[in-house]
Amino acid sequence: MENKELTQEELDAIKNDTIDYKIVERLADIMKALSEPSRIQIIHALSLSEMCVTDLSYALNMTQPLVSHHLRILRNLGLVKYERDGKALIYSLDDEHVLMLYKQGLEHAKEKVQ
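What counts, and where the lines are drawn
Residues numbered from 1 in each chain as written. Predicted model: local features only at pLDDT ≥ 70, side-chain atom pairs only at ≥ 80, totals over all residues. Heavy atoms only, no water. Pairing = 2+ DSSP bridges. Helix = DSSP H or I, 4+ residues; strand = E, 2+ residues; numbered from the N terminus. Axes fitted to C-alpha atoms, helices over the stretch in contact; angles between N-to-C directions. Parallel < 35°, antiparallel > 145°, perpendicular 65-115°, else oblique. Left-handed = near helix turned anticlockwise from the far one by under 90°. Contact = heavy atoms within 4.5 Å. Nonpolar A, V, L, I, M, F, W, Y, C, P; charged D, E, K, R; others polar. Patch = residues over 30% accessible without salt bridge, like charges linked within 9 Å, V, L, I, M, F, W, Y side chains within 5 Å. Areas by Shrake-Rupley, 256 points an atom, 1.4 Å probe, with all protein chains shown as cover. Salt bridge = Lys/Arg side-chain N within 4 Å of Asp/Glu carboxyl O. Buried < 20%, exposed > 50% of the residue type's maximum accessible area, 1.4 Å probe, protein only.

An unreviewed UniProt entry annotates the chain as Metalloregulator ArsR/SmtB family transcription factor originating from Fenollaria massiliensis.

Okay, structure coming up:
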């Protein structure tokens, strides 16, 4: 990559292209939440199928309280949602954005590990 100095116009354009700070904070919170490997495993499992806490706990070899703790964090950030099925809560990814974020992050990680 060539090292070139930016023009004042280019610098001003970058400086003026700001993101609302509340959005930046929200994104940072999402990235922090996804920095926990157990939460990535939960996101992965939910990318494959909707699941209840009991099934997630079994599939990921984690205790139910630990899975519930991580789900609460992911739910509060809008990354997962649930629907009630009788007494059970069935969890799924909140929307396609979460799935895309996960898949793109996974692809990037795979490229860097190989």
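Draft legend 1. Inspection of the pairing of strand β1 (residues 80-85) at higher detail. Pairing geometry for β1 and strand β2 (residues 88-93), over 6 bridges, is antiparallel. Bridge assignment links V80 to a residue of β2, and that residue is L93.

Draft legend 2. Highlighting the packing of helix α4 (residues 53-60) against helix α5 (residues 64-76). Following both chains from N to C, one finds α4 and α5 inclined at 110 degrees, their axes separated by 9 Å at the closest point. It follows from the interaxial angle that α4 and α5 lie roughly perpendicular. By crossing handedness, the relation of α4 to α5 is classed as right-handed. Residues V53, T54, L56 and S57 of α4 pack against Q64, V67, S68 and L71 of α5. Of the residues assigned to the contact of α4 with α5, the class counts are 4 nonpolar, 4 polar and no charged.

Draft legend 3. A nonpolar patch on the surface, seen in detail. Nonpolar side chains collect at one region of the surface, where I19, Y21, I23 and V24 lie side by side and expose about 430 Å² of accessible area between them. Within the secondary structure layout, I19 lies in the loop between α1 (8-16) and α2 (21-33).

Draft legend 4. Focus on the side chain of S92. Mapped onto the fold, S92 is located in strand β2. Judged by relative accessible area, S92 falls into the buried class, the value being 10%.

Draft legend 5. Region of the structure containing the environment of Q104. Tracing the backbone through its elements, the reader meets Q104 in helix α6 (residues 96-113). Take Q104: its relative accessible area is 57%, and that puts it in the exposed class. For Q104 and T54, which are 50 residues apart along the polypeptide, the C-alpha to C-alpha distance reads 28 Å.

Draft legend 6. Summary view of the pattern of salt bridges. Taken as a whole and judged by the stated rule, the model has 2 salt bridges. The salt bridge involving K4 is made with E10; its shortest N-O contact spans 3.6 Å. The exposure class of E10 is partly exposed, given its relative accessible area of 30%. Residues K32 and D29 are paired through a salt bridge, measuring 3.5 Å at the closest nitrogen-oxygen approach. With a gap of 3 residues between them, K32 and D29 both fall in helix α2, about one helical turn apart. For K32, a relative accessible area of 53% gives the class exposed.

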